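Coordinate inspection notes
The chain contents come next:
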Amino acid sequence: MYYSYVALFLQSAPGRSAMPYRIDPVLLDADLALYVHIPFCTRRCTYCAFNTYTGLDRLIPAYVESLCHEIHWVGNATGKRLTLHTVYLGGGTPSVLSVEQIEKILQTVRAAFAVRDSAEITLEANPVRLEPGYLAGLRRLGVSRLSLGAQSAQASDLKLFNRGHAWSDVVVAVQSARAAGFDNLNLDLIYGVPDQSLASWQDSLIKTVALRPDHISLYSLGIETGTPLHRWVEAG
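Residues numbered from 1 in each chain as written. Predicted model: local features only at pLDDT ≥ 70, side-chain atom pairs only at ≥ 80, totals over all residues. Heavy atoms only, no water.

Points about the packing of helix α1 (residues 60-75) against helix α2 (residues 99-112)
Under the convention used in this document: In this analysis, axes come from line fits to C-alpha atoms, helices being fitted only over the stretch in contact, and the angle between any two N-to-C directions falls in the range 0 to 180 degrees. To qualify as a helix, a DSSP run of H or I must reach at least 4 residues; to qualify as a strand, a run of E must reach at least 2; elements of each kind are numbered from the N terminus. The cut-offs work like this: below 35 degrees is roughly parallel, past 145 is roughly antiparallel, 65 to 115 is roughly perpendicular, and the gaps in between are oblique. Contact definition: two residues touch when any of their heavy atoms are within 4.5 Å.
Taken N-terminus to C-terminus, the directions of α1 and α2 make an angle of 10 degrees; their axes are 8 Å apart at the nearest point. The angle between α1 and α2 places the two elements in the roughly parallel class. Together, Ile-60, Pro-61, Val-64, Glu-65, Leu-67, Cys-68, Ile-71, His-72 and Gly-75 of α1 and Gln-101, Lys-104, Ile-105, Thr-108, Val-109 and Ala-112 of α2 make up the contact between the two elements.

Okay, structure coming up:
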């Protein structure tokens, strides 16, 4: 048995806990946001406590199949065709999926829900191995927003995080995404890194802004129990 995960988050109900499959009848006419979790990664970051897995790529086809069944079930669970204004494929690393696998997921979403023509469809990606043909394929499928896990412009930070890219890969990924037609691009950055100086943080910010992304997400580094980073901090 393969377990997938789909959750509905209701933008029209701020402050309320949105549990999968349980939707307040009052909100059935609201525009909804759909999050789809892709738990596969090529390598695991030292700070990551998310539901992610490495070395299990052989399970991706079965997972996608299970995921599509679940999307269909969720979309039809209320007896009413629900409307989506946002679809977000997060992870994990959704970009480990092929264009064909992402197409299958999005086709299922569109069959199970009423996806607005103006809906924002986001896919999270690592800034490596984003070939022009792959990015063009994502745009063809209607993916309108790309979120790149840049994390830092400092080689020492990327090494600490066990990231598989250099800052030069981020630059190339941004250029390739723009060439493919992405006009909505986010870059993630992490601050509060051990031994991070104000100068190094400013350098990461300056280099990120110079790439002219449409959005920058800044995250404070969390030391989560069970991660390598937590063990290192505990060990002093």
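As for the pattern of salt bridges
To keep things clear, this is the line we draw: By salt bridge we mean one thing: a side-chain nitrogen of Lys or Arg within 4 Å of a carboxyl oxygen of Asp or Glu. The buried label applies to any residue whose accessible area, calculated with a 1.4 Å probe on protein chains only, is under 20% of its type's maximum; exposed applies above 50%, and partly exposed to all values in between.
By the definition in use, this model includes five salt bridges. Among the salt bridges present, the one from Arg-178 reaches Asp-214, with a minimum N-O distance of 2.9 Å. Here Arg-178, found in helix α5 (residues 167-179), pairs with Asp-214, found in the loop between α6 (198-210) and β9 (215-220); they are 36 residues apart in sequence, far enough to count as distant. Among the residues examined, Asp-214 registers a relative accessible area of 43% and is labelled partly exposed.

Some words on unusual backbone geometry
Gly-91 connects to Gly-92 through a cis peptide bond whose omega is 15 degrees. Positionally, Gly-92 belongs in the loop between β5 (83-91) and α2. The phi torsion at Arg-129 lies on the positive side, around 60 degrees, for a residue other than glycine. Note on placement: Arg-129 falls in the loop between β6 (114-125) and α3 (132-140).

Examining the pairing of strand β7 (residues 145-151)
Defined as follows: Any two strands with at least two DSSP-identified bridges between them are counted as paired.
Of all seven residues in β7, seven are buried, a share of seventy percent or more. The alternating pattern of β7 places Arg-145, Ser-147, Gly-149 and Gln-151 on one face and Leu-146, Leu-148 and Ala-150 on the opposite face, and all of these are buried. For β6 and β7, the ladder comprises four bridges, and the chain directions are parallel. By the bridge assignment for β7, Leu-123 is matched with Leu-146. Here β7 pairs with strand β8 (residues 185-191) via four bridges, running parallel. Bridged to Gln-151 within β8 is Leu-189.

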